[in-house]
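Overview (structure and organization)
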Amino acid sequence: MRAPPKSVASRAFEGNLPSASDRSTEFRRPIGHSGKFLVRTTPRVHRRLAEIAARTGRSLNAVANELLDA
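The rules we used
Residues numbered from 1 in each chain as written. Predicted model: local features only at pLDDT ≥ 70, side-chain atom pairs only at ≥ 80, totals over all residues. Heavy atoms only, no water. Helix = DSSP H or I, 4+ residues; strand = E, 2+ residues; numbered from the N terminus. Buried < 20%, exposed > 50% of the residue type's maximum accessible area, 1.4 Å probe, protein only. Areas by Shrake-Rupley, 256 points an atom, 1.4 Å probe, with all protein chains shown as cover. Polar contact = N/O pair within 3.5 Å; in protein donor to acceptor, adjacent residues only side chain to side chain. Salt bridge = Lys/Arg side-chain N within 4 Å of Asp/Glu carboxyl O. Patch = residues over 30% accessible without salt bridge, like charges linked within 9 Å, V, L, I, M, F, W, Y side chains within 5 Å. Axes fitted to C-alpha atoms, helices over the stretch in contact; angles between N-to-C directions. Parallel < 35°, antiparallel > 145°, perpendicular 65-115°, else oblique. Contact = heavy atoms within 4.5 Å. Expected span 1.5 Å × (residues − 1). Arc of directions from axis to C-beta.

1. Some points on the overall build of the chain
A tally of helices and strands in the chain yields three helices and zero strands. Counting from the amino terminus, the chain carries its helices and strands in the arrangement α-α-α. Counting all 70 residues of the chain, 10% fall into the buried class. On the chain, roughly 6500 Å² of surface is accessible, and the fraction owed to carbon and sulfur atoms is 55%.

2. Remarks on the side chain of threonine 56
Looking at the element boundaries, threonine 56 is found in helix 2 (residues 43–56). Taking the relative accessible area as the measure of exposure, threonine 56 reaches 19% and is therefore buried. A polar side-chain atom of threonine 56 sits 3.1 Å from a polar atom in the side chain of arginine 58.

3. Section: the pattern of salt bridges
A full pass over the atoms with the stated rule returns one salt bridge. Notably, a salt bridge pairs arginine 58 with glutamate 66, separated by 2.4 Å at the nearest N-O pair.

4. Some thoughts on a nonpolar patch on the surface
A surface patch of nonpolar side chains, amounting to about 320 Å² of accessible area, comprises Phe37, Val39 and Leu68. Counting through the fold element by element, leucine 68 comes out in helix 3 (residues 60–69). Overall, the relative accessible area of 39% leaves leucine 68 in the partly exposed class.

5. Details of the packing of helix 2 against helix 3
At a closest axis distance of 8 Å, the pairing of helix 2 and helix 3 adopts a crossing angle of 105°. By the angle between their axes, helix 2 is roughly perpendicular relative to helix 3. Taken together, the residues of helix 3 that come into contact with helix 2 (itself represented by His46, Leu49, Ala50, Ile52, Ala53 and Thr56) are Leu60, Val63 and Leu67.

6. What to know about helix 2
For helix 2, with 14 residues, the first-to-last C-alpha span of 20 Å sits near the 20 Å given by 1.5 Å per residue. All of the buried residues in helix 2 are Leu49, Ile52, Ala53 and Thr56. Down the axis of helix 2, the buried set is contained in an arc of 100°. They therefore lie on one face. Along helix 2, the residues that are exposed and aim more than 90 degrees away from the buried face are Pro43, Ala54 and Arg55. The elements touched by buried residues of helix 2 are helix 3. One or two steps after helix 2, the chain reaches glycine 57, where phi turns positive at roughly 70°.

Read these as spatial facts, not as claims about activity.
Pasting the structure below:
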């Protein structure tokens with residue numbers, strides 16, 4: 001099965017996030033991560049992710065997780 005093409009958001013996510021040292025305030029590392037977070041997006045992005053999920057027989061969560069983890 002072929003992976004969907006990388007979007008602008010997923011390409012931007014690859015190594016382009018500021019590090020803690022780039023910030024003027026102190027970074028506090030969280031004690032743990034639950035694995036849950038809410039993402040607000042446009043209806044267009046939501047629809048595209050849902051279409052990829054339906055086409056590949058996966059959940060929208062699985063598709064989003066794969067793109068975020070890429």
